[in-house]
Amino acid sequence: MEQYTVEQAARLLGLHVKTVRNYVRDGRLPAVRVGKQYRIAKEDLAAFAGLPIGAPATPRHAEVSSIVQIDGITRGEMDRVSTMVLGSLAGRPHGLRVEFVYDEERAHLKVVVLGGLEESAQVLRIVDALVRD
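For clarity, every value in this text was computed on a predicted model and none was experimentally measured.

Student: Would you mind showing me how to read unusual backbone geometry here?
Tutor: Backbone geometry follows two general trends: most residues other than glycine have a negative phi, and most peptide bonds adopt the trans configuration. One non-glycine residue, A107, lies in the positive phi region at around 55°. For A107, the position within the fold is in the loop between strand 5 (97–103) and strand 6 (108–116). For A107, a relative accessible area of 23% puts it in the partly exposed group.

Structural data, given as structure tokens:
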């Protein structure tokens, strides 16, 4: 059975140590005394905090969708940008999509980036560096 000290319980609950100690002394938070310290069972702490026992926390996942438009770009420059960006993605995590849409008549390129926040940010930094050249 996993147990917490008053200090650990306070940190997990975001409370002051004295507040948790008072809850234990008042009987609102069940605990056992071991020597001069209290130990609080994981199940008791979860019940006190109103959390389901043993339920795994749902991991957070965030994604980004972005479109970058680059005006005044020739077909050759578009080929260079797309080749450099796609080459930089070799061996990167899956789940990141980058697509290029070139409008030759208007001389602009749209770079569509779909994926995780950090991976997408890296692609945008690469595009930024290539456009500045």
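Student: When you look at the sheet that holds strand 6 in this model, what are you seeing that I'm missing?
Tutor: To summarise the sheet geometry, strands pair through backbone hydrogen bonds and adopt either a parallel or an antiparallel arrangement. Spatially, the three strands line up as an open sheet ordered 4-6-5, and their pairing is antiparallel. Either end of the sheet is taken by a strand with one partner, and the two such strands are strand 4 (63–71) and strand 5. Sheet twist, expressed as the mean angle between neighbouring strand axes with direction ignored, is 15°. In terms of strand pairing, strand 4 meets strand 6 through nine bridges, oriented antiparallel. Looking across to strand 6, one finds that S66 is bridged to V113. Strand contacts of helix 4 (residues 75–88): strand 5 and strand 6, with the helix running at about 180° to strand 5, the strand carrying the most contacts. Seen against the sheet, helix 5 (residues 117–132) touches strand 4, strand 5 and strand 6 and runs at an angle of roughly 155° to strand 6.

Parameters and conventions
- Residues numbered from 1 in each chain as written.
- Predicted model: local features only at pLDDT ≥ 70, side-chain atom pairs only at ≥ 80, totals over all residues.
- Heavy atoms only, no water.
- Helix = DSSP H or I, 4+ residues; strand = E, 2+ residues; numbered from the N terminus.
- Buried < 20%, exposed > 50% of the residue type's maximum accessible area, 1.4 Å probe, protein only.
- Pairing = 2+ DSSP bridges.
- Axes fitted to C-alpha atoms, helices over the stretch in contact; angles between N-to-C directions.
- Contact = heavy atoms within 4.5 Å.

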